Amino acid sequence: MRDAIDEILIDRDGDWVLALGYARGTLIDIAREPADRALAPGAVHRARAGQAAPGGVFVDLAGGKVALLDTDKPLAPGTALVVQVVEAPAGEKRARVSRRVALEGASMVLLPGGKGASVSKRVPAAKREALQARAHALAAPGEGLILRAGALQADDAALSAELEALRARAAGFAADGPPASLWSESAIPALTRVLAAGPSARIVCADADLAREARAAHDPAAFDRHDAATTLAGLREPRVDLPSGAWLSIEPTAALIAIDVNAGSAKADALAIDLEAARAIARQLRLRDLSGLVAVDVLRVVKPGERTRLLDALKHAVREDRRRVDVLGFTPAGLVELTRARARGNAGE
């Protein structure tokens, strides 16, 4: 299990708010949230259906904004509905929204209009049954509820209070009326939650407005701490040097993320280099926030069991990722394929 994040450095980065999470001075994770909170993942809107689109329907939001609703069911233009942003706009792509609203808290996810109670996939198997019983006791008819791993440290009173706050928020989501922004979360609370930082984590903002909003420490040179600016510059380069002398080449393309493992000056055997690369790949996917299909050209391992060892090492290395990562295995051509979720991941993860 990774160390808990105890310090977060935050600054604006164009249309984004960027947060670097550190544990005892080591960079653990990086998260970005849109500066425009109305189109940030999780924001809830009253919308109106517009024209049909490939794979869905365009919907009109407040302020003249337009998003794409993923649906295979036709909607009459003008239909009123409540939607939630699941993916922020990027480049020419519009924001994507869903009619399935999920309200995230520190210990739970409330699904208004859903049904059933469950627990996160991240809850250890030995504790799932007891937490499942608590989820069933809390959930009311006509709603879905997922308890996260954080619920293991919360007592019943704290869970009930958090659930009532989420229910009160959901009570204001009515479809009747003109398009409007119904709820959005501020950037810094969203970032600290995404990074799974504890309540005692120190937040340092380079931007004065963000510092005031979060009531956090303000330091214009925040990214000089831990040499963060140099680290960020390195993450924009394709080459990643490994301690053994081997190195990775990481090249995002429109179709996939291509990663090449190179032996370089390393003296170790192919399997040892590939195992070292597996740990580095998991870290780079997380820090660069890469998603989609990933194809890794590893060094050639042919002895019995070597491929299994490599895949097991990669599965172990990605286990702490906040997004869902599936290690798919070897292709006939000898590449290792995996996928990393594009959005924050399913609520139950």
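Residues numbered from 1 in each chain as written. Predicted model: local features only at pLDDT ≥ 70, side-chain atom pairs only at ≥ 80, totals over all residues. Heavy atoms only, no water.

Draft legend 1. Just the sheet that holds strand β15 (residues 217-218), in detail. Pairing within the open sheet is mixed, and its five strands lie in the order β3-β2-β1-β14-β15. On the outer flanks of this sheet lie β3 (26-34) and β15, each paired with one strand and no other. Taken together, the two bridges between strand β14 (residues 202-205) and β15 define a ladder with parallel strand orientation. Across the sheet, the residue bridging to Val204 is Ala217, located in β15. (Pairing = 2+ DSSP bridges. Helix = DSSP H or I, 4+ residues; strand = E, 2+ residues; numbered from the N terminus.)

Draft legend 2. Representation of the sheet that holds strand β18 (residues 257-262) in the model. Spatial strand order, β16-β17-β18-β19-β21-β20: six strands in an open sheet with mixed pairing. Every other strand in the sheet has two partners, leaving β16 (239-241) and β20 (325-330) as the edge strands with one partner each. Averaged over all neighbouring strand pairs, the angle between strand axes comes to 20°, with direction disregarded. Both β18 and strand β19 (residues 292-297) contribute to a ladder of four bridges, which runs parallel. Paired with Ile257 across the bridge in β19 is Val294. (Axes fitted to C-alpha atoms, helices over the stretch in contact; angles between N-to-C directions.)

Draft legend 3. Quick look at helix α6 (residues 270-288). Along its 19 residues, α6 runs 26 Å from first to last C-alpha, staying within 8% of the 27 Å computed at 1.5 Å per residue. The buried fraction of α6 is high, at 15 of 19 residues. After α6 finishes, the residue Asp289 shows a positive phi value of roughly 55°. (Expected span 1.5 Å × (residues − 1). Buried < 20%, exposed > 50% of the residue type's maximum accessible area, 1.4 Å probe, protein only.)

Draft legend 4. Main features of the pairing of strand β7 (residues 80-87). Of the strand pairs in this sheet, strand β4 (residues 44-53) and β7 are connected by five bridges, and their pairing is antiparallel. Bridged to Val44 within β7 is Gln84. Pairing of β7 with strand β8 (residues 96-98) involves three bridges; the strand directions are antiparallel. Opposite Val85, over in β8, you have Val97 as the bridge partner.

Draft legend 5. The packing of aromatic side chains, seen in detail. Evaluated as defined, the whole model comprises zero aromatic pairs. Seen from the ring of Phe58, Arg94 lies directly overhead, with NZ or CZ sitting 5.4 Å from the centre. Positioned above the aromatic ring of Phe330, the side-chain terminus of Arg307 is 4.1 Å from the ring centre. (Phe/Tyr/Trp six-rings, centres within 6.5 Å; stacked < 30°, edge-to-face > 60°. Lys NZ or Arg CZ within 6 Å of the ring centre and 35° of its normal.)

Draft legend 6. Quick look at helix α1 (residues 125-138). With 14 residues, α1 should cover 20 Å at 1.5 Å per step; its first-to-last C-alpha distance of 20 Å lies within 8% of that length. When α1 is considered as a whole, its buried residues turn out to be Leu131, Ala135 and Leu138. Looking at the buried residues of α1, the elements they touch are β11 (116-119), β12 (143-147) and α2 (156-170). (Contact = heavy atoms within 4.5 Å.)

Draft legend 7. A look at the pattern of salt bridges. Scanning the model with the defined rule gives 18 salt bridges in all. With its nearest N and O atoms 3.0 Å apart, the salt bridge here joins Glu87 to Arg96. Overall, Glu87 belongs to the partly exposed group, its relative accessible area being 23%. A salt bridge links Glu164 to Arg167, with the nearest nitrogen and oxygen atoms 2.5 Å apart. Linking Glu164 with Arg167, this pair stays in helix α2, spanning three residues, or about one helical turn. Note on Arg167: relative accessible area 22%, which makes it partly exposed. A cluster of three or more residues bridged by salt bridges with shared partners is formed by Glu104, Arg148, Glu185 and Arg193. (Salt bridge = Lys/Arg side-chain N within 4 Å of Asp/Glu carboxyl O.)

Draft legend 8. Molecular detail of the environment of Ala137. Here Ala137 shows up in helix α1. Given the relative accessible area of 67%, Ala137 is considered exposed. Considering only alpha carbons, one finds Ala137 and Pro238, 101 residues apart in sequence, at a separation of 50 Å.

Draft legend 9. Highlighting the nonpolar core. Ranked by internal contacts, the top residues of the largest apolar core, which has 32 residues, are Leu248, Ile259, Val261, Val296 and Leu338. For this core, the elements supplying multiple residues, two or more each, are β17 (247-252), β18, α6, β19, α7 (306-317), β20 and β21 (336-340). Here Leu248 is in contact with Pro238, Arg239, Val240, Leu242, Asp260, Val261, Ala277, Ala280 and Ile281, once residues within four sequence places are set aside. Membership of the second largest hydrophobic core comes to 21 residues, among which are Val82, Val101, Val123 and Leu166. (Core = buried A, V, L, I, M, F, W, Y, C linked by side-chain atoms within 4.5 Å.)

Draft legend 10. Inspection of the packing of α6 against α7 at higher detail. Packing of α6 against α7 leaves a shortest axis separation of 8 Å and a crossing angle of 20°. Taken together, α6 and α7 sit at an angle that is classed as roughly parallel. As α6 packs across α7, the resulting crossing turns out to be right-handed. Between α6 and α7, the contacting residues are Leu271, Asp274, Leu275, Ala278, Arg279 and Ala282 on the first element and Glu306, Arg309, Leu310, Ala313, Leu314 and Ala317 on the second. A class-by-class count of the residues in the contact of α6 with α7 yields eight nonpolar, no polar and four charged. (Parallel < 35°, antiparallel > 145°, perpendicular 65-115°, else oblique. Left-handed = near helix turned anticlockwise from the far one by under 90°. Nonpolar A, V, L, I, M, F, W, Y, C, P; charged D, E, K, R; others polar.)

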